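Breakdown of the fold
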Amino acid sequence: MSNIRVCALFRPLNSKEICDHGDNISISAVDSDSFLFKDEKEEEIEFHFDRVFYQGSEQANIYEFLALPIVTGAVNGVNGAIVTYGQTGAGKTYSMEGPSIMDCDENKKGLLPRVVDGLFSAIRLSGEMTKYTINLSMVEIYMERVRDLFDLSKDNLLIKESRAQGIFVCGATDICISDSAEALRSLSIGIANRAVGETQMNMSSSRSHCVYIFTIQQELKKEKRSGKVILVDLAGSEKVEKTGAEGRVLEEAKTINKSLSALGNVINALTGSPQGRANHIPYRDSKLTRILQDAFGGNSQTALLCCCSPSPSNASESLSTLRFGARAKHIKALAHVSLREDEDTKSPGALPVIKDESCERILEKLRQKMKAEDVELLEQLFVLEGIFFDPNSVEEVEAAYEDATSRTILSLQRSLEELIATVEELKEENKALKSQIRS
């Protein structure tokens, strides 16, 4: 069991920061994984991370250290997640995408296109004895609703959980991709649908958390493996007095800050419990923490890139980001190879699923002797291991049925509106005919 990998990235100063403070910066490098940070009171604080990428660092170096081990693991059936975190305008989306997802400049390519290239490169090197398929989904969490960026009619998807898949977005469009070019074209379509807006801190500020999900299915002679790579470009935390947000943008900022606060609470819960004692983790407090449940507390090897401004004008926000990263660095990773189990290959000795009534009786007895949060944690573990059946989390068919029902209702509403409009037109024509007959 290893800790999640946490890196700090300091982007170059922008024109506004240079105008306000010249070339002054709040950091002084110690080595490749340590630096001194000067806060607003001019006091120096030392930080240690797995790697520090200072101003002018190459995008390729960030990918090789942070993402390449996760890509390699996913091709071999180990889930992985790469998360960019930081204040608005700190360089998260640039680190993720580069100047453009379709940009051809090799030096400027972000993590996302490099992950795409890395997946297909690893598959090519694996030989012809193994069959691979890669599927791509892309969603955003906007105003606490999960929206499908490949199908905008799906604007309130459910986050589910199952033993086989872990945490997943039910009903999200899944595109099978056969090469890097096809993947990048699909990604560019999804990115164009993402919610963005202008603030005083950023001309093109992300107003949602964006999640890119690559699922790699591997078929060997005697077994099947399934690995996932999830890349998460978080919307940035915002101070209203700096961004000048108002109206709709202000409401977006409040929702973003609330979900990031929930993420902070999850990190604190994961790292703050006494050794050997279970602690309640509030994953369900927001859609963001729920979708990141496996990344920070489940079957995943995870990397966190803390993006910061080096300018003294953003010292408070950068310090908050760095403290978040320092806290997250203590989280233990629980990654292991994910094997796919077909219905006809299941072991006859597998544990039977206990139905609802039995589950409740067992949990009630546990509640009499244990704390409520400990019982809740045990229940989640039982569900993940397949001992308990969670009717609220594995009903993919029901979710698909609900989605189809919603589509049918919308279609019927449109048909009804068209029918009403037609009837009104016929009434008008009838009136006109009657007038002609009278005259």
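Bear in mind that the values here come from a model prediction, so they are computed numbers and not experimental data.

Let us look at the overall build of the protein chain. Secondary structure summary: the protein chain contains 13 helices and 17 strands in total. Counting the 439 residues in the protein chain, one finds 44% classified as buried. The contacts in the protein chain between residues at least 6 apart in sequence include a share of 69% that link residues at least 24 apart. For the protein chain, the exposed area adds up to about 23,000 Å²; of that, 51% sits on carbon and sulfur atoms.

Although it is not a glycine, glutamate 42 adopts a positive phi angle of roughly 65 degrees. Taking the relative accessible area as the measure of exposure, glutamate 42 reaches 56% and is therefore exposed. For glutamate 144, which is not glycine, the phi dihedral falls at a positive 65 degrees. You can see glutamate 144 is positioned in the loop between β7 (131-142) and β8 (145-148). Classification of glutamate 144 as partly exposed rests on a relative accessible area of 30%.

Of note, isoleucine 159 is situated in strand β9 (residues 158-162). For isoleucine 159, the residues in contact, after removing those within four places along its chain, are Val146, Ile167, Phe168, Lys287, Arg290 and Ile291.

Across the sheet, three strands lie side by side as β2-β3-β4; this open sheet has antiparallel pairing. Strands with a single pairing partner mark the edges of an open sheet, and in this sheet they are β2 (27-31) and β4 (44-48). On average, adjacent strands in this sheet sit at an angle of 25 degrees to one another, irrespective of strand direction. Here β2 pairs with strand β3 (residues 34-38) via four bridges, running antiparallel.

All right, on to the packing of aromatic side chains then. Considering all chains together, one arrives at six aromatic pairs under this definition. Between phenylalanine 10 and phenylalanine 35, the aromatic rings sit 5.2 Å apart at their centres with planes inclined by 85 degrees, giving edge-to-face as the arrangement. Of this pair, phenylalanine 10 sits in strand β1 (residues 5-10) while phenylalanine 35 sits in strand β3, and the two are 25 residues apart along the sequence. Assigned by exposure class, phenylalanine 10 and phenylalanine 35 land together as buried. Ring centres 6.1 Å apart and planes at 10 degrees place the aromatic pair phenylalanine 47 and phenylalanine 49 in the stacked group.

What follows covers the UniProt feature "binding site: ATP" (unreviewed entry) in the protein chain. The sites that UniProt annotates as "binding site: ATP" (unreviewed entry) are Gly86, Gln87, Thr88, Gly89, Ala90, Gly91, Lys92 and Thr93. Its place among the elements puts threonine 88 in the loop between β6 (80-85) and α3 (92-97). Here threonine 88 falls in the buried class, since its relative accessible area comes to 5%. Note on placement: glycine 89 falls in the loop between β6 and α3. Accessibility expressed as a relative area gives 23% for glycine 89, which makes it partly exposed.

Relative to each other, helix α2 (residues 59-75) and helix α4 (residues 111-125) sit at 45 degrees, their axes nearing to 9 Å. The orientation of α2 relative to α4 falls into the category oblique. By crossing handedness, the relation of α2 to α4 is classed as right-handed. Across the interface between the two elements, Gln59, Ala60, Ile62, Tyr63, Leu66, Ala67, Val71 and Val75 from α2 touch Leu111, Arg114, Val115, Gly118, Leu119 and Ala122 from α4. A class-by-class count of the residues in the contact of α2 with α4 yields 11 nonpolar, two polar and one charged.

Next up on the list: the pairing of strand β10 (residues 166-170). For β10, the tally of buried residues reaches five of five residues, placing the bulk of the element in the interior. Bridge count for β9 against β10 is five bridges, and the pairing is antiparallel. From the neighbouring strand, serine 162 faces β10, where its bridge partner is glycine 166. In this structure, the hairpin formed by β9 and β10 is closed by a connection of three residues.

As for its position among the elements, threonine 321 is in helix α10 (residues 315-328). Apart from residues no more than four positions distant in its own chain, threonine 321 is found in contact with Tyr85, Gly86, Gln87, Cys306, Cys307 and Cys308.

The next subject is the nonpolar core. One finds Phe35, Leu292 and Leu322 to be the most contacted residues of the largest nonpolar core, which totals 47 residues. The element that contributes the greatest number of residues to this core is α10, accounting for five residues. The next biggest cluster of nonpolar side chains, apart from the first, holds 43 residues, and it includes Ala74, Val116, Leu149 and Leu184.

The next point concerns helix α5 (residues 180-192). With 13 residues, α5 should reach 18 Å at 1.5 Å per residue; the first-to-last C-alpha distance of 18 Å fits that figure. If you check which residues of α5 are buried, you get Ser180, Ala183, Leu184, Ser186, Leu187, Gly190 and Ile191. One side of α5 carries all its buried residues, which in axial view fall inside an arc of 165 degrees. Exposed residues lying more than 90 degrees from the buried face of α5 are Ile189 and Ala192. With a side-chain oxygen positioned 3.3 Å from the backbone nitrogen of alanine 181, the residue opening α5 is aspartate 179.

Contact geometry of helix α7 (residues 248-272) with α10 gives a least axis separation of 9 Å together with a crossing angle of 35 degrees. In terms of crossing hand, the pair formed by α7 and α10 is left-handed. The residues of α10 that touch α7, namely those facing Leu263, Gly264, Ile267, Asn268, Thr271 and Gly272, are Phe324, Arg327 and Ala328. Its residues assigned to classes, the contact of α7 with α10 comprises four nonpolar, four polar and one charged.

Reading the values: rules and limits
Residues numbered from 1 in each chain as written. Predicted model: local features only at pLDDT ≥ 70, side-chain atom pairs only at ≥ 80, totals over all residues. Heavy atoms only, no water. Helix = DSSP H or I, 4+ residues; strand = E, 2+ residues; numbered from the N terminus. Buried < 20%, exposed > 50% of the residue type's maximum accessible area, 1.4 Å probe, protein only. Contact = heavy atoms within 4.5 Å. Areas by Shrake-Rupley, 256 points an atom, 1.4 Å probe, with all protein chains shown as cover. Pairing = 2+ DSSP bridges. Axes fitted to C-alpha atoms, helices over the stretch in contact; angles between N-to-C directions. Phe/Tyr/Trp six-rings, centres within 6.5 Å; stacked < 30°, edge-to-face > 60°. UniProt positions renumbered as here; feature names shortened; annotations may be inferred. Parallel < 35°, antiparallel > 145°, perpendicular 65-115°, else oblique. Left-handed = near helix turned anticlockwise from the far one by under 90°. Nonpolar A, V, L, I, M, F, W, Y, C, P; charged D, E, K, R; others polar. Core = buried A, V, L, I, M, F, W, Y, C linked by side-chain atoms within 4.5 Å. Expected span 1.5 Å × (residues − 1). Arc of directions from axis to C-beta. Polar contact = N/O pair within 3.5 Å; in protein donor to acceptor, adjacent residues only side chain to side chain.

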